[in-house]
Amino acid sequence: MVRLLIASAPVLLFAVTAPAQPIPKGQKIGLARYLQAGYSGLKMNLTRAADKMPAADYDSKPSSMPEVRSYGQIFAHVADGQFTTCAAINGVPNPNQSRNLEQELKTKAAFVKALADSFAFCDDAFASLTDANAMESVKQGQGEVAKAAALVGLLAHGAEMYGISTVYLRAKNLVPPSSEQ
């Protein structure tokens, strides 16, 4: 399972790292550095997407189905996931353990702050990752996974949520950050 996740990292991260510079000829990039670059691209895209939507549209949804998240709830969902994963990677308690940001937050400023706080919390998890410690186990649910696998999951989830946010932006005639030139 871990090998599958790590082997699929380039595919999962392509959309996140597309704005990054190409790897120079002959240069070898290890797993840790590649995941860190993917995180940097994800952080940029999600932060810019959160900033781009006007505050008045943060409660908008592309559907009337109750299970569909509002635009703001997308970013709260990302923040919740990042706090959970990065707490495990950092070996510290989740600072949002008893909170439900999706239900609790109501304003653009609150959603943007939660997203920024979750990225600040995850910065150490990615910065401390090395090729040497990437396969160390961390608790996830009832079991354990390699740090790199947990971070690949975080990036894949963030990329999925960014992709969803682009639909909301397009519905409001706004160009998603990764499509800007």
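Everything numeric in this text was worked out from a predicted model, so none of it was measured.

J.: What should I look at first to understand the pattern of salt bridges in this one?
T.: When their charged atoms lie close together, side chains carrying opposite charge are able to pair. All told, the structure shown has 8 salt bridges when counted by the stated rule. With a shortest N-O distance of 3.5 Å, Asp 57 and Lys 172 are connected by a salt bridge. In this pair, Asp 57 is assigned in the loop between α3 (31-52) and α4 (71-90) and Lys 172 in the segment after α7 (147-171), connecting sequence segments 115 residues apart. With a closest N to O distance of 2.8 Å, Arg 69 and Glu 102 form a salt bridge. Here Arg 69 is found in the loop between α3 and α4, whereas its partner Glu 102 is found in helix α5 (residues 101-104), with 33 residues between them in sequence. Its relative accessible area of 27% is what places Arg 69 among the partly exposed residues. Residue classification places Glu 102 among the buried residues on the basis of a relative accessible area of 14%. Via salt bridges that share partners, Arg 48, Lys 52 and Glu 180 belong to a single interconnected network.

J.: Is there a simple way to think about the packing of aromatic side chains in this case?
T.: Under the criterion given, the structure shown has 8 aromatic pairs. Here Tyr 71 and Phe 75 contribute two aromatic rings whose centre-to-centre distance is 4.9 Å and whose plane-to-plane angle is 70°, an arrangement assigned as edge-to-face. With a gap of 4 residues between them, Tyr 71 and Phe 75 both fall in helix α4, about one helical turn apart. Its relative accessible area of 0% is what places Tyr 71 among the buried residues.

J.: What is the right way to look at the nonpolar core in this model?
T.: Side chains of nonpolar character tend, in soluble globular proteins, to be buried together. By size, the foremost hydrophobic cluster in this structure holds 46 residues, and its most contacted members are Leu 46, Tyr 71 and Phe 75. Secondary-structure elements contributing two or more residues to this core are α3, α4, α6 (108-127), β2 (143-146) and α7. Ranked by residues supplied to this core, first place goes to α7 with 11 residues.

J.: What is the right way to look at the packing of α3 against α4 in this model?
T.: Helix-helix packing: each pair is described by the crossing angle between the helix axes and the interaxial distance. For the pair α3 and α4, the least separation of the axes is 10 Å and the interaxial angle reads 150°. The crossing of α3 and α4 is left-handed. Between α3 and α4, the contacting residues are Leu 42, Leu 46, Ala 49 and Ala 50 on the first element and Tyr 71, Phe 75, Val 78 and Gln 82 on the second.

J.: Could you clarify how one ought to interpret the confidence of the model for the chain in this entry?
T.: Detailed reading of the predicted coordinates is not advisable wherever pLDDT falls low. For the chain, per-residue confidence averages 89 on the pLDDT scale, and residues scoring 70 or more make up 88% of the total. When mean pLDDT is taken per element in the chain, α6 scores highest with 98 and helix α2 (residues 9-17) scores lowest with 44. pLDDT under 50 marks residues 4-19. Its contacts with residues more than four places away, or in other chains, come to 25 contacts.

J.: Hey, could you run me through the side chain of Glu 102 in this one?
T.: Side-chain polar atoms of Glu 102 contact the side chain of Arg 69, separated by 2.8 Å. Those residues within four positions of Glu 102 in sequence are excluded, and the remaining contacts are Arg 69, Gln 73, Ala 76, His 77 and Asp 80.

J.: Honestly, the state of the cysteines in this entry has me stumped. Any pointers?
T.: Each disulfide consists of a covalent bond between the sulfur atoms of two cysteine residues. On inspection of all chains with the given rule, the structure shows 1 disulfide. The partner cysteine of Cys 86 in its disulfide is Cys 122, sulfur to sulfur 2.1 Å. In this structure the cystine formed by Cys 86 and Cys 122 twists about its S-S bond by roughly 110°; its chirality is therefore right-handed. Of this pair, Cys 86 sits in helix α4 while Cys 122 is found in helix α6, placing the two residues 36 residues apart along the sequence.

About the criteria used
Within every chain, residues take consecutive numbers counted from 1 along the sequence as written. Residue-level local features of this predicted model are given only where pLDDT is at least 70; pairs of side-chain atoms are given and counted only at 80 or more, and the full residue set underlies all totals for whole chains, interfaces and linings. Side-chain calculation: all heavy atoms of the structure are included, whereas hydrogens and water are not. For this document, the term salt bridge refers to a Lys or Arg side-chain nitrogen within 4 Å of an Asp or Glu carboxyl oxygen. Think of it this way: any DSSP run of H or I at least four residues long counts as a helix, any run of E at least two long counts as a strand, and we number them from the N terminus. Note on classification: 1.4 Å probe, protein chains only; a residue is buried when its accessible area is under 20% of the maximum for its type, exposed when over 50%, partly exposed between these limits. Working definition: a ring pair exists when centres of Phe, Tyr or Trp rings (six-membered ring for Trp) sit within 6.5 Å. Plane angles under 30 degrees give stacked, over 60 give edge-to-face, the rest tilted. Buried Ala, Val, Leu, Ile, Met, Phe, Trp, Tyr and Cys residues form a nonpolar core when they are joined through side-chain atoms within 4.5 Å. Under this scheme, a helix contributes an axis fitted over its contacting stretch, all axes are lines through C-alpha atoms, and angles between N-to-C directions fall in the 0 to 180 degree range. Two helices cross in a left-handed way if the nearer one is turned anticlockwise from the farther one by less than a right angle. They cross in a right-handed way if the turn is clockwise. In this description, contact between two residues means that some pair of their heavy atoms is separated by no more than 4.5 Å. The predictor attaches a confidence to each residue, and that confidence, scored 0 to 100, is pLDDT. Pairing of N or O atoms within 3.5 Å defines a polar contact, subject to two protein rules: one partner must be a possible hydrogen donor and the other a possible acceptor, and residues neighboring in sequence count only if both atoms are side-chain atoms. The term disulfide is used for any two cysteine sulfur atoms that are within 2.5 Å.

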